[in-house]
Amino acid sequence: MLDNVKFTPHGKHLIAGEWVASDKTFPSEPATGPVHQFSVGTVDLVNAACEAAEEAFWTYGYTTREERAVFLDTIADEIDARAEAITEIGSQETGLPEGRLQGERGRTTGQLRLFASHIRAGDYLDKRHDAALPDRAPLPRPDLRMIQRPIGPIAVFGASNFPLAFSTAGGDTAAALAAGCPVVVKGHSAHPGTGEIVAEAVHAAIEKCGMPKGVFSLIQGGNRQVGSSLVQHPLIKAVGFTGSLGGGRALFDLCAQRPEPIPFFGELGSVNPMFVLPEATAARGEAIGKGWAGSLTMGAGQFCTNPGIAVIETGAAGDAFVAAAKAALAEAGEQVMLTNGIAKAYRDGQERFDSRNSVTPLLASQNEGRTAKPALYETDAAAYLQDHALGEEVFGPLGLVVRVDSAEDMVALAKGFEGQLTATIHMDDGDAALARKLLPVLERKAGRVMANGFPTGVEVSDSMVHGGPYPASTNFGATSVGTMSIRRFLRPVCYQGIPEAVLPEDLK
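Trainee: Kindly report on the layout of surface pockets, identifying the contributing residues and their values.
Mentor: Each pocket or cavity is described by its volume, and for the second largest pocket that value is around 230 Å³. Together, 16 residues line the second largest pocket, and Y62, T63, R149, E505 and D506 are the ones closest to its centre. Among the elements of the structure, α2 (65-81) and β6 (144-150) are those that each provide at least two residues to the lining of the second largest pocket. Considering every element that reaches the lining of the second largest pocket, the biggest residue donor is β6, with three residues.

Trainee: Could you give an account of helix α11 (residues 340-354), naming the residues involved and the relevant values?
Mentor: Spanning 15 residues, α11 covers 21 Å between terminal C-alpha atoms, matching the ideal 21 Å at 1.5 Å per step. Within the span of α11, buried status applies to I342, A343, Y346, G349, Q350 and F353. Each buried residue of α11 sits inside an arc of 115° when the element is viewed along its axis, so together they form one side. Contacts from the buried residues of α11 go to β16 (371-372), β17 (375-380) and β18 (398-404). The distance from a side-chain oxygen at the start of α11 to the backbone nitrogen of G341 is 3.4 Å, and the residue carrying that oxygen is T339.

Trainee: Break down the nonpolar core for me, with residues and values.
Mentor: Counting 92 residues, the largest nonpolar core has F71, F216, F275, V311, L438, I486 and F489 as the members making the most contacts within it. Per-element accounting of this core gives the leading share, seven residues, to helix α6 (residues 192-209). In terms of nonpolar packing, the next biggest core, distinct from the first, is built from 22 residues, A53, I219, L251 and L254 among them.

Trainee: Tell me what's going on with the environment of T456, and back it up with residues and numbers.
Mentor: For T456, the location among the structural elements is in the loop between β20 (446-451) and β21 (490-496). The buried category is assigned to T456, whose relative accessible area is 12%. For the pair T456 and M298, spaced 158 residues apart in the sequence, the C-alpha separation amounts to 8.0 Å. Engagement of the side chain of T456 in a polar contact is seen with the side chain of S295, the distance being 2.8 Å.

Trainee: Tell me about the sheet that holds strand β5 (residues 128-130), and name the residues and values.
Mentor: Across the sheet, which stays open at both edges, the three strands sit in the order β5-β6-β21 with antiparallel pairing between neighbours. Strands with a single pairing partner mark the edges of an open sheet, and in this sheet they are β5 and β21. Taking the axes of each pair of neighbouring strands and ignoring which way they run, one obtains an average angle of 25° across the sheet. Across three bridges, β5 lies against β6 in antiparallel orientation. Across the sheet, the residue bridging to H129 is R145, located in β6.

What counts, and at which threshold
Residues numbered from 1 in each chain as written. Predicted model: local features only at pLDDT ≥ 70, side-chain atom pairs only at ≥ 80, totals over all residues. Heavy atoms only, no water. 1 Å grid on protein atoms, 1.4 Å probe; cavity = no way out; pocket = protein on both sides within 12 Å on 5 of 7 lines; lining within 4 Å. Points joined across faces, edges and corners; volume = space filled by probe spheres on them. Helix = DSSP H or I, 4+ residues; strand = E, 2+ residues; numbered from the N terminus. Expected span 1.5 Å × (residues − 1). Buried < 20%, exposed > 50% of the residue type's maximum accessible area, 1.4 Å probe, protein only. Arc of directions from axis to C-beta. Contact = heavy atoms within 4.5 Å. Polar contact = N/O pair within 3.5 Å; in protein donor to acceptor, adjacent residues only side chain to side chain. Core = buried A, V, L, I, M, F, W, Y, C linked by side-chain atoms within 4.5 Å. Pairing = 2+ DSSP bridges. Axes fitted to C-alpha atoms, helices over the stretch in contact; angles between N-to-C directions.

Purely spatial values, then, with no claim about function.
Set out below in structure tokens:
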């Protein structure tokens, strides 16, 4: 165990098994604790990492499922061995509380071990076999076998809001490695020290398991040219990304413009609307409002599943919901945000709402520096549908109440929403008829539809979908969380008449 070993970042990139420095450095911007210097990424480092990943694929892509499962389990073990040091540097860099970091580390190692178990079972390969029919008339049928095969090196961009679960060894990396694909990670500059120590854990697992050194590389920092060169590198075959709509869309367009276009699996953001139906509002509107406030402020609202909009009918029961939410938000204190840039973007989002006559401020907050306090606004359905900006994500503890006059207006408003990661219905038994009308609309709008809960918190499991129609994600047929996420980095191959001795082991 390494828990008692003090971690001091060395600030280097990991390229094909070697820790490499570059000429320029950038400072970290921790919420607390010391500032460290980190090497800046370069296009040359991208090229070296991608070439090493391609070379590694000829070995790693043809390892057995058991060998890859052991590798994933070992990465999880090595992360756990650095538990205290990861929590310390992660909390310093992001301002997230230690309990949140410990929970996120458990989620990270848990999904690595889940994916290991999943590929051991082998169901994800979707094997199919049509036996030869040599006597079929008028034409015989050859022996046909199909299986899912890894596609090659994958680029992964670390996320700002999840320094562990969606970054260096997070969901995209775990899924790609489970599929048999080497990974080149572009580390997020918001938590470079956290990225480095997790990369050390992956590096240790590579050495223990005898995996090819190019199976994983980490490139720190760098300007947009580094990210652009990574997604445009001809050896990269797909990209996993969690981040802003603007940044993700720019990378998506680069992927589509390549001589060989590649899939870009981008999770870009969502306002995750909640629909509070009349019977539920009358019976427990105050409790729902209070619960909404707790979900809005969890982690300073810096979750991609943060339920930023509540849709509720006008009237006294709706007023009680709003009053309860406002009171609970007013009691919430200021929280440290992940970066100064995210804090500024939150203030910009507030200014966007404050500048609109169609929006009524219910709870104003003055914010400065790297902290944020909750804010609450209200508008009506007509104004919301006429102003696209009201549906743009504000990353932080900001809520918008949209009032409707009837159940029919609620359904019409639902049809006006863009693609979402989640949509929620709060309902009682008497709301079932309205819920049946809403559900076909919401399932077209969101990757996950839930009832009587709050969407913050995404279970890592076989049935989870974390994705949705654009702009929630760039590929609504996929998920970035859960075992089905592995399928993003596989493609079906049919083997026709191939002798048994030549077939891949999993088809024999």
